[in-house]
Amino acid sequence: TFAMKLDGRFTAGPGMDILQNLTASGRATSTSGTVDFTRFMAPIKAAGINLTSIEKFDFHEWTEKFVIDNGRVNSEVWTIKSGNGDWDVTGSFGFDGTLDYDAGLVITPQQQKHMKDLAKSAAIIDLFKDDQGNNLLMLDIGCTAKQPKVRLDQSRAKENAGKKLLDEAKDKLKGLFK
């Protein structure tokens, strides 16, 4: 089921681009469907994380609140919930094909249990975990829809790797002085 509500206005006339003059706001919802993010997953794979189950997946809830202005669809709140992770997305795409999104993927411990491909990358993916055991992957998506550029924010992983090294060093020092 897919539903959309859109309220807006545009100016039309000789030489005018209707899409550039469209101003609107709306909301879209869906209770089931399939998403294919395969072309956006290259940076995650490059970081050594194999999450094929989030490349193409079925969702059970899609909601988006958006505004259209100056030739861009600005997503204020866009969430996709599935058994393989929950996405929160903000940003925009232009009618010219440009992208500018920040996307966050949360994979809960319960969801992780069903993801066989997660074990292959456990040493790396564990660096993206929060205190509750959720894997948090943050992506910066830009360029164009035909040739997207995606950057995986690795600041959490670097912070967790530093903590892990420090904890291991402390444990070794404690062992030396026993």
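Residues numbered from 1 in each chain as written. Predicted model: local features only at pLDDT ≥ 70, side-chain atom pairs only at ≥ 80, totals over all residues. Heavy atoms only, no water.

J.: Mind showing me how you'd approach the overall build of the protein here?
T.: When helices and strands are tallied, the protein shows four helices and nine strands. Here the C-alpha radius of gyration of the protein, 20 Å, is well above what a compact globule of 178 residues would show, namely 16 Å. The burial tally for the protein puts 36% of its 178 residues in the buried class. In the structure as shown, the protein presents an accessible area of about 10,900 Å², 55% of it carried by carbon and sulfur atoms. Charge-centre separation for the protein: the mean point of 24 positive side chains lies 5 Å from the mean point of 24 negative side chains. (Helix = DSSP H or I, 4+ residues; strand = E, 2+ residues; numbered from the N terminus. Rg over C-alpha atoms; globule rule 2.2 N^0.38 Å. Buried < 20%, exposed > 50% of the residue type's maximum accessible area, 1.4 Å probe, protein only. Areas by Shrake-Rupley, 256 points an atom, 1.4 Å probe, with all protein chains shown as cover. Lys, Arg positive; Asp, Glu negative; His and termini not counted. Charge placed at Lys NZ, Arg CZ, Asp CG, Glu CD.)

J.: Looking at this model, I keep getting lost on unusual backbone geometry. Mind explaining?
T.: Even without glycine at this site, Asn70 takes up a positive phi of about 55°. Topologically, Asn70 is positioned in the loop between strand 4 (56–69) and strand 5 (72–82). Assessed through its relative accessible area of 57%, Asn70 is described here as exposed. Of note, Cys143 is a non-glycine position whose phi angle comes to about 80°, a positive value. For Cys143, the location among the structural elements is in strand 8 (residues 135–144). Classification of Cys143 as partly exposed rests on a relative accessible area of 36%.

J.: In this structure, what is going on with the environment of Ala122? I would like to understand it.
T.: Mapped onto the fold, Ala122 is located in helix 3 (residues 122–125). Its relative accessible area of 28% is what places Ala122 among the partly exposed residues. Through-space distance from the C-alpha of Ala122 to that of Ile141 is 25 Å; in sequence the pair is 19 residues apart.

J.: Got a minute to help me understand the nonpolar core in this structure?
T.: Most often, soluble globular proteins keep nonpolar side chains buried together rather than apart. Grouped together as the largest cluster of nonpolar side chains are 30 residues, with contacts concentrated most on Leu51, Ile80, Trp87, Leu137 and Leu139. Contributing elements (two or more residues each) for this core: strand 4, strand 5, strand 6 (85–94), strand 7 (98–107), strand 8 and strand 9 (148–153). In terms of residue count, strand 7 provides more of this core than any other element does, five residues in total. Those residues in contact with Leu139 that lie beyond four places of it in its chain are Met41, Ile44, Trp87, Tyr101, Asp102, Ala103, Val150, Arg151 and Leu152. (Core = buried A, V, L, I, M, F, W, Y, C linked by side-chain atoms within 4.5 Å. Contact = heavy atoms within 4.5 Å.)

J.: Any chance you could explain the packing of aromatic side chains here in plain terms?
T.: Evaluation of the coordinates by the stated rule reveals seven aromatic pairs. When the centroid spacing of 5.5 Å and the interplanar angle of 50° are considered together, the rings of Phe59 and Trp62 count as tilted. Given a relative accessible area of 19%, Trp62 falls into the buried group. Both rings, one in Trp62 and one in Trp78, keep their centres 5.4 Å apart while their planes meet at 50°; by these two values the pair is tilted. With a gap of 16 residues between them, Trp62 in strand 4 and Trp78 in strand 5 connect regions that are remote in the sequence. (Phe/Tyr/Trp six-rings, centres within 6.5 Å; stacked < 30°, edge-to-face > 60°.)

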